[in-house]
Amino acid sequence: RWDERLKKARIDFEGVLKRIETLLQSVRDDIEKKQFSAVLQGCASILQLKPDLPEVAALKEQAEALKNDHDSRLAGAMDLKQQCAFAEAADVLRRLSADYAWDATARTELTECEEAATQLEILIANAEAATAERKLPAALAAWESVLALNPNHAGAKAHLATLMRK
C-alpha cells in the first residue's frame, strides 16, 4: 500500500516537473518574441508550482523591463501624436512595431500617423504653391487646412498672418 502511494506521489511529482519544464520553455520562447504579458502569466503559473526558481524570477524581471520599455515608448508616441508631430510619432511607432511585432495597437497607430504626416506634407506643399503663385484665396484656404490638421503648425500661422496683412 505504501509502495503504491510512493509510486503515485513520484508519478505526480514527475508530472509537475514536466509541467514546469513545458511552461519554462514556453516562457523562454515568449521572452524571445518580447511577449511580456505571456511571460508574466507563464511565470505566475510556474511560481505557483515551484516558488523558488531563480530563472523564473530573472525571466519575470526581464518581462517587466520589456513591458516598461514598450509602455513608455507607446506613451511617448501618443504624446507626439497628440501634439500633431505625426512624422516623429510614426518614427517611434515604426521602431516600436519592429521591436514588438505582435502589437496591433502600435501598428494601427503607425498607419494613422503615417497617413496624417503624408496628408500634412501634401497640404503644406499645396499651401506653399498657392502662396508662391500669389493666389491669395487659395493660399489662405490651404494654410487653414494645414492648421485644421495641426493647430500648432508655426509655419502655417506665420503664413496666414502674412497673407492676412495683404
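The coordinates are above.
A few points on the structure. Please read all numbers here as calculations on a predicted model, not as lab measurements.

Here we look at the nonpolar core
Core analysis: the biggest nonpolar cluster contains 24 residues, and Ile 46 and Leu 93 have the highest contact counts within it. Mapped onto this core, the elements with two or more residues apiece are α1 (2–32), α2 (36–49), α3 (54–82), α4 (86–99) and α5 (104–132). A per-element tally of this core places α3 first, with six residues. If we ignore the near neighbours within four places in the chain, the residues touching Ile 46 are Ile 20, Leu 23, Leu 24, Val 27, Leu 53 and Val 56. Ranked by size, the runner-up nonpolar core spans 18 residues in total, among them Ile 124, Trp 143, Val 146 and Leu 163.

Thoughts on the pattern of salt bridges
All chains considered together, the criterion is met by eleven salt bridges. For Arg 73, the salt bridge identified is with Asp 99, shortest N-O distance 2.9 Å. Here the residue Arg 73 occupies a position in helix α3, and Asp 99 occupies one in helix α4, the gap between them amounting to 26 residues. A relative accessible area of 32% places Asp 99 in the partly exposed class. Where salt bridges share partners, they join Glu 21, Arg 28 and Glu 55 into one cluster.

Notes on the environment of Ala 127
Relative to the assigned elements, Ala 127 resides in helix α5. Sequence spacing of Ala 127 and Leu 140 is 13 residues, and the spatial spacing of their C-alpha atoms is 7.8 Å. Contacts of Ala 127, omitting those with residues within four sequence positions, involve Ala 142, Trp 143 and Val 146.

Conventions we followed
- Residues numbered from 1 in each chain as written.
- Predicted model: local features only at pLDDT ≥ 70, side-chain atom pairs only at ≥ 80, totals over all residues.
- Heavy atoms only, no water.
- Core = buried A, V, L, I, M, F, W, Y, C linked by side-chain atoms within 4.5 Å.
- Buried < 20%, exposed > 50% of the residue type's maximum accessible area, 1.4 Å probe, protein only.
- Helix = DSSP H or I, 4+ residues; strand = E, 2+ residues; numbered from the N terminus.
- Contact = heavy atoms within 4.5 Å.
- Salt bridge = Lys/Arg side-chain N within 4 Å of Asp/Glu carboxyl O.

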